[in-house]
Amino acid sequence: MSSRSIPAVLASVLALSGLVVPGTAEAKRQHEVRYPYARVWNAALRMVRVDMRLPITDRDPDTGYMLFEYIDQDRRYPGSIEIVATEREKRPVVTVIISVSGMPSYVEQMMLDKLEKKLGTEYGAPMDPPKVEDAPTKEPEKKPDVKPDEGIEPPVTPSET
């Protein structure tokens, strides 16, 4: 092999292995919390805007999303928080999903940890949410089994008196 072909082969191997041209990975972290949706939304909003002093670019509490800019060393990275209320085993569950594009996943984990600590500080320990009751299904009242002639005196005819 010539000395010129070694760098070309090495460059090809590195490019194929993904070491030269790294792919962009969209990382996101999620965590379930045992607080009502409204409390999670309010705490997340205050955490981003007040505690972390990050600009919020868009938000919709009805659909449960918030877009913000994560600032690190004068660079801005787009971030989002999704808050999803669902149900598991007839108990309400709130899932928080945080994504900050261009930052390592530990940033998202740090934000989730900060949110969970904030919820505990402001609202106390989470309680087991009550079971979501299905619509009560009332069984029809059972009437006692009565034979048609039982408990009824036969009519008295005039000849029997």
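Residues numbered from 1 in each chain as written. Predicted model: local features only at pLDDT ≥ 70, side-chain atom pairs only at ≥ 80, totals over all residues. Heavy atoms only, no water.

### Topic: the overall build of the protein
Within the protein, the regular secondary structure consists of 3 helices and 5 strands. The buried share of the protein, taken over its 161 residues, is 23%. Put simply, the protein shows about 12,400 Å² of open surface, and 54% of that area lies on carbon and sulfur atoms. (Helix = DSSP H or I, 4+ residues; strand = E, 2+ residues; numbered from the N terminus. Buried < 20%, exposed > 50% of the residue type's maximum accessible area, 1.4 Å probe, protein only. Areas by Shrake-Rupley, 256 points an atom, 1.4 Å probe, with all protein chains shown as cover.)

### Quick look at the confidence of the model for the protein
Per-residue confidence for the protein gives a mean pLDDT of 78, with 61% of residues at or over 70. Confidence drops under a pLDDT of 50 for residues 9-25, and excluding neighbours within four residues, the segment shows 3 contacts in the predicted structure. (pLDDT = per-residue confidence, 0-100. Contact = heavy atoms within 4.5 Å.)

### With respect to the pattern of salt bridges
Taken as a whole and judged by the stated rule, the model has 5 salt bridges. For Lys118, the salt bridge identified is with Asp51, shortest N-O distance 2.8 Å. On the criterion of sequence distance, the pair formed by Lys118 in helix H3 (residues 105-123) and Asp51 in helix H2 (residues 37-51) is long-range, its members being 67 residues apart. Residue class for Lys118 comes out buried when judged on its relative accessible area of 11%. Of the charged contacts, one joins Lys118 and Glu122 as a salt bridge, the two residues approaching to 2.8 Å between their closest N and O atoms. Within this pair, Lys118 and its partner Glu122 are both found in helix H3, separated by 4 residues, close to a single helical turn. Residues participating in the shared-partner salt-bridge network are Arg46, Asp51, Lys118 and Glu122. (Salt bridge = Lys/Arg side-chain N within 4 Å of Asp/Glu carboxyl O.)

### Focus: unusual backbone geometry
Positive phi, normally seen in glycine, also occurs at Arg53, with a value near 55°. Its place among the elements puts Arg53 in the loop between H2 and strand E2 (56-60). According to the relative accessible area criterion, Arg53 is exposed, its value standing at 68%. Of note in the backbone geometry, Gln73 takes a positive phi value of approximately 50° without being a glycine. Locating Gln73 in the fold gives a position in the loop between strand E3 (65-72) and strand E4 (75-88). By relative accessible area, which is 70% here, Gln73 ends up exposed.

### What to know about the nonpolar core
Counting 27 residues, the largest nonpolar core has Tyr70, Ile81, Val100 and Met111 as its most contacted members. Those elements that place two or more of their residues in this core are H2, E3, E4, strand E5 (91-100) and H3. It is H2 that provides the largest number of residues to this core, a total of 7 residues. The residues touching Met111, leaving out its near neighbours within four places in the chain, are Met47, Val48, Met52, Phe68, Tyr70, Ile98 and Val100. (Core = buried A, V, L, I, M, F, W, Y, C linked by side-chain atoms within 4.5 Å.)

### Comments concerning the sheet that holds E4
Strand pairing in a sheet is mediated by backbone hydrogen bonds. Such pairs are either parallel or antiparallel. Strands sit in the order E1-E5-E4-E3-E2 across an open sheet of 5 strands; the sheet is antiparallel. At either end of the open sheet lies a strand with only one pairing partner, and these are strand E1 (29-33) and E2. Pairs of neighbouring strands in the sheet enclose a mean axial angle of 25°, with direction left out of account. Looking at chain direction, E3 and E4 are connected through 8 bridges and run antiparallel. (Pairing = 2+ DSSP bridges. Axes fitted to C-alpha atoms, helices over the stretch in contact; angles between N-to-C directions.)

### What to know about H2
A rise of 1.5 Å per residue sets the reference length of H2, with its 15 residues, at 21 Å; its end C-alpha atoms lie 20 Å apart and thus fit the reference within 8%. Arg53 lies just past H2 and shows a positive phi near 55°. (Expected span 1.5 Å × (residues − 1).)

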